[in-house]
Amino acid sequence: MKDTITSLINPADERGSYLDASALDQLNRYFQSGSMRVKAAKTISSTASSIISKTVAKSLLYGDITLPGGNMYPTRRYAACLRDLTYFLRYATYAMLAADTSILDERVLNGLKETYITLGVPIDRVIEALNAMKEVLTESLGTDAGQEMGVYLDHIIAGLS
Amino acid sequence: MSLVAQVIAQSDAAERFLSSSEIAKLEDFFSKGQVRIRTAQKLADNEQKIVQEGSKRFWAKCPNTPSNKGNPQKTALCQRDQAWYIRLISYCVLAGNEKPLDDIGLNGMREMYLSLGVPLPNLRVAMSCLKDVAADVLSAEEMAMAAPYFDRLIRAF
C-alpha cells in the first residue's frame, strides 16, 4: 500500500533530493490533521459493531432484503453482509489514517464488483448501506472527521458503481 | 513504508481494527509532526556543513583512508555518499521509522563498499563524526528525533 508520507518520499529519492517546499507543506498539513485522524480511528475501533448495527438499521433492516427471498435471508447471508460492511469500515479507516486510497483499491475493490455480480448481491443496496454508514459516522465523529471518512467510503462507492 | 503504513499493515495482518497500542503509536508520531518537519529541513539546509565538518573530524581521527589520499574525485564520491546518508536520515525523521535508510541505503551496503575497497571500520568512524556535527547543528529536541537513525547507520558499519 501507499500512504501520504511514502508517496512524498519516494519521488524525492528518485531525484536524489530532499523533500522540496511544496512536499514539506503537504506533509505539514497531513501531520496537522493527524490528531483528528487518530482520534476518529480510536472511536471507530472501539465502537465498530455499534456503527455497523446503526448502519444496517438506517438502510437495510426494515426492507424486503431481510425477508425470505431477500439477499440478507437466511441468517448466514445476514452475517455475510455484516462482515462485508465491517471490512468496508475497517479499510476506510486505514485509508483515512494514511490519507491515501490505494489500500482500498488493493484490498477491497480489486475484483469486488465482479464477485458481487456473480453472487447476485444487489450492489445498489450495498451503496445505500455505505451512504448510511457515512451518516452514522458523521453523527458519531462530528462533521470534520465524518467528512474525511466520507472521502474513503465514497471511493468504495465509486469503485462499485 | 512509513510508521503509519507499518501500523496499518500490522493491524490488517491481524484482520482487526487498530489496537490501543497502535493508536498510541500513531498519537505519539503525529504529536511530533512539527519537530519532524523542522528537523528534516535543518538537515537539508546544513547537509554540506555536516559533511565538510564531519570529514575534517574524520580525517583527524582516521588519516589513512581513501577519501584523504589526495584524489579529489574519490574524496568527492565519499562525501557525496555521506550526504546521501544525511538525506536518508531526513526521510526517516519524516517517516517515523528506519525503513527509508534500510531500504535505500543499507540493504547491500556492505557488499558495495567491500567491492569498492572502502574499509567499513573507517566508514563507521566517518558516520559517527557526521552524527557529532549534526548534534551541534540541531537543537536537543531535533537531535532526539534524528539520533536513532544516525545510531542505526553507525551500527550498520
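Residues numbered from 1 in each chain as written. Chains lettered and ligands numbered in written order. Predicted model: local features only at pLDDT ≥ 70, side-chain atom pairs only at ≥ 80, totals over all residues. Heavy atoms only, no water.

## Some details on the packing of aromatic side chains
Evaluation of the coordinates by the stated rule reveals 8 aromatic pairs over all chains. Ring centres of Tyr91 of chain A and Tyr94 of chain A lie 5.4 Å apart, and the angle between their planes is 85°; this geometry places the pair in the edge-to-face category. In this pair, Tyr91 of chain A and Tyr94 of chain A are both assigned in helix α3 (residues 75-98), 3 residues apart and thus about one turn of the helix distant. Across the pair, Tyr94 of chain A and Tyr91 of chain A agree in class, each one buried. For the pair Tyr85 of chain B and Phe157 of chain B, a centre-to-centre distance of 6.0 Å together with 85° between the ring planes defines the contact as edge-to-face. Of this pair, Tyr85 of chain B sits in helix α5 (residues 72-95) while Phe157 of chain B sits in the segment after α9 (140-156); the two residues are 72 residues apart in sequence, bridging distant segments of the chain. No difference in accessibility class separates Tyr85 of chain B from Phe157 of chain B, as the two residues are buried. Grouping aromatic residues by their ring pairs yields a cluster made of Tyr30 and Phe31 of chain A together with Phe29 and Phe30 of chain B. (Phe/Tyr/Trp six-rings, centres within 6.5 Å; stacked < 30°, edge-to-face > 60°. Helix = DSSP H or I, 4+ residues; strand = E, 2+ residues; numbered from the N terminus. Buried < 20%, exposed > 50% of the residue type's maximum accessible area, 1.4 Å probe, protein only.)

## Topic: the pattern of salt bridges
Residues and elements named next belong to chain B. Counted by the stated rule, this structure contains 23 salt bridges over all chains. With a shortest N-O distance of 2.9 Å, Glu22 and Arg16 are connected by a salt bridge. By relative accessible area, Arg16 is classed as partly exposed at 30%. In the salt-bridge network here, residues are joined through shared partners; they are Arg38, Lys42, Glu141 and Glu142. (Salt bridge = Lys/Arg side-chain N within 4 Å of Asp/Glu carboxyl O.)

## Considerations on the interface of chain B and chain A
Chain B puts 33 residues into the contact, and the matching count from chain A is 35 residues. Summing the contributions of chain B and of chain A, the shared interface buries around 2,900 Å²; its carbon and sulfur component is 72%. It is Ile8, Phe17 and Phe30 of chain B in chain B that bury the most area against chain A; as a group they hold 25% of the surface buried on that side. Taken together, chain B and chain A are joined by 4 salt bridges. The residue Asp13 of chain A makes a salt bridge to Arg87 of chain B at a minimum N-O spacing of 2.8 Å. On inspection of chain B and its partner chain A, the count reaches 16 residue pairs in polar contact (both at pLDDT 80 or more). Looking at the side of chain B that touches chain A, the elements that each hand over two or more residues are α1 (3-13), α2 (20-31), α3 (33-45) and α5 of chain B. In terms of residue count, the dominant contributor to the side of chain B that touches chain A is α5 of chain B (8 residues). Class assignment of the residues belonging to the side of chain B that touches chain A gives a composition of 20 nonpolar, 6 polar and 7 charged. (Contact = heavy atoms within 4.5 Å. Buried area = accessible area lost by both parts, 1.4 Å probe. Polar contact = N/O pair within 3.5 Å; in protein donor to acceptor, adjacent residues only side chain to side chain. Nonpolar A, V, L, I, M, F, W, Y, C, P; charged D, E, K, R; others polar.)

## Considering unusual backbone geometry
Negative phi values dominate among residues other than glycine, just as trans dominates among peptide bonds. Of note, the bond from Tyr73 of chain A into Pro74 of chain A is cis; its omega dihedral lies within 30 degrees of zero at 0°. In this structure, Pro74 of chain A sits in the loop between α2 (21-59) and α3. The backbone of Ala99 of chain A sits at a positive phi, close to 50°, despite the residue not being glycine. Examined against the element boundaries, Ala99 of chain A turns out to sit in the loop between α3 and α4 (102-109). At Glu15 of chain B, a residue that is not glycine, the phi angle is positive and equals roughly 55°. Residue position: Glu15 of chain B is located in the loop between α1 and α2.

## Focus on the environment of Asn28 of chain A
By the element assignment, Asn28 of chain A lies in helix α2. For Asn28 of chain A, a relative accessible area of 19% corresponds to the buried category. The residues contacting Asn28 of chain A, other than those within four sequence positions of it, are Gln34 and Ile37 of chain B.

## Quick notes on the nonpolar core
Grouped burial of nonpolar side chains is what soluble globular proteins tend to show. Leu19 and Leu89 of chain A together with Tyr85 of chain B are the most contacted members of the largest nonpolar core, which has 103 residues in total. Take this core: its biggest share by element is 13 residues, from α2 of chain A. Once residues within four sequence positions are removed from consideration, Leu89 of chain A is found in contact with Ile44, Ala48, Ile51, Ile52, Met133, Leu137 and Met149 of chain A together with Phe17 of chain B. (Core = buried A, V, L, I, M, F, W, Y, C linked by side-chain atoms within 4.5 Å.)

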